[in-house]
Amino acid sequence: CDGRLMPQTQPPAGDGYLSPNEAAELISVTIKSLHRWEDEGLIHSLRTPGGHRRYRRADVLALIAEKSA
């Protein structure tokens, strides 16, 4: 480590983050819909060191509440 701060790409441990499958199931949409919404800037994900997406549970619930309004 050279002392520089690196952006966080791995979500913190805990149940506040969901895999795409968990997020899609929670709000009854397809994973493809989640990815499309991310491309449109409606939701953001963090990436694990392996490149897998993780969504904050609060962001997923807020998105579906917004879509339902």
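## Thoughts on the confidence of the model for the chain
- Summary statistics for the chain give a mean pLDDT of 82 and a share of 78% for residues scoring 70 or more.
- Model confidence for the chain, summarised as mean pLDDT per element, is weakest for helix 3 (residues 57-68) at 86 and strongest for strand 3 (residues 53-56) at 95.
- Across residues 1-8 the pLDDT falls below 50, and counting only partners more than four positions away or on other chains, this stretch makes 1 contact in the model.

## Description of the pattern of salt bridges
- Enumeration over the complete set of coordinates arrives at 2 salt bridges.
- One salt bridge in this structure joins Arg53 and Glu38, with 2.7 Å as the shortest N-O distance. Of this pair, Arg53 sits in strand 3 while Glu38 is found in helix 2 (residues 31-39), placing the two residues 15 residues apart along the sequence. There is no split in this pair, since Arg53 and Glu38 are both buried.

## Here we look at the nonpolar core
- Residues Leu18, Ala23, Ala24, Ile27, Leu34, Trp37, Ile43, Tyr55, Val60 and Leu63 constitute the largest nonpolar core, which totals 10 residues.
- For this core, the secondary structure elements donating two or more residues are helix 1 (20-27), helix 2 and helix 3.
- Per-element accounting of this core gives the leading share, 3 residues, to helix 1.
- Those residues within four positions of Ala23 in sequence are excluded, and the remaining contacts are Leu18, Leu34, Tyr55 and Val60.

Conventions and cut-offs
- Residues numbered from 1 in each chain as written.
- Predicted model: local features only at pLDDT ≥ 70, side-chain atom pairs only at ≥ 80, totals over all residues.
- Heavy atoms only, no water.
- pLDDT = per-residue confidence, 0-100.
- Helix = DSSP H or I, 4+ residues; strand = E, 2+ residues; numbered from the N terminus.
- Contact = heavy atoms within 4.5 Å.
- Salt bridge = Lys/Arg side-chain N within 4 Å of Asp/Glu carboxyl O.
- Buried < 20%, exposed > 50% of the residue type's maximum accessible area, 1.4 Å probe, protein only.
- Core = buried A, V, L, I, M, F, W, Y, C linked by side-chain atoms within 4.5 Å.

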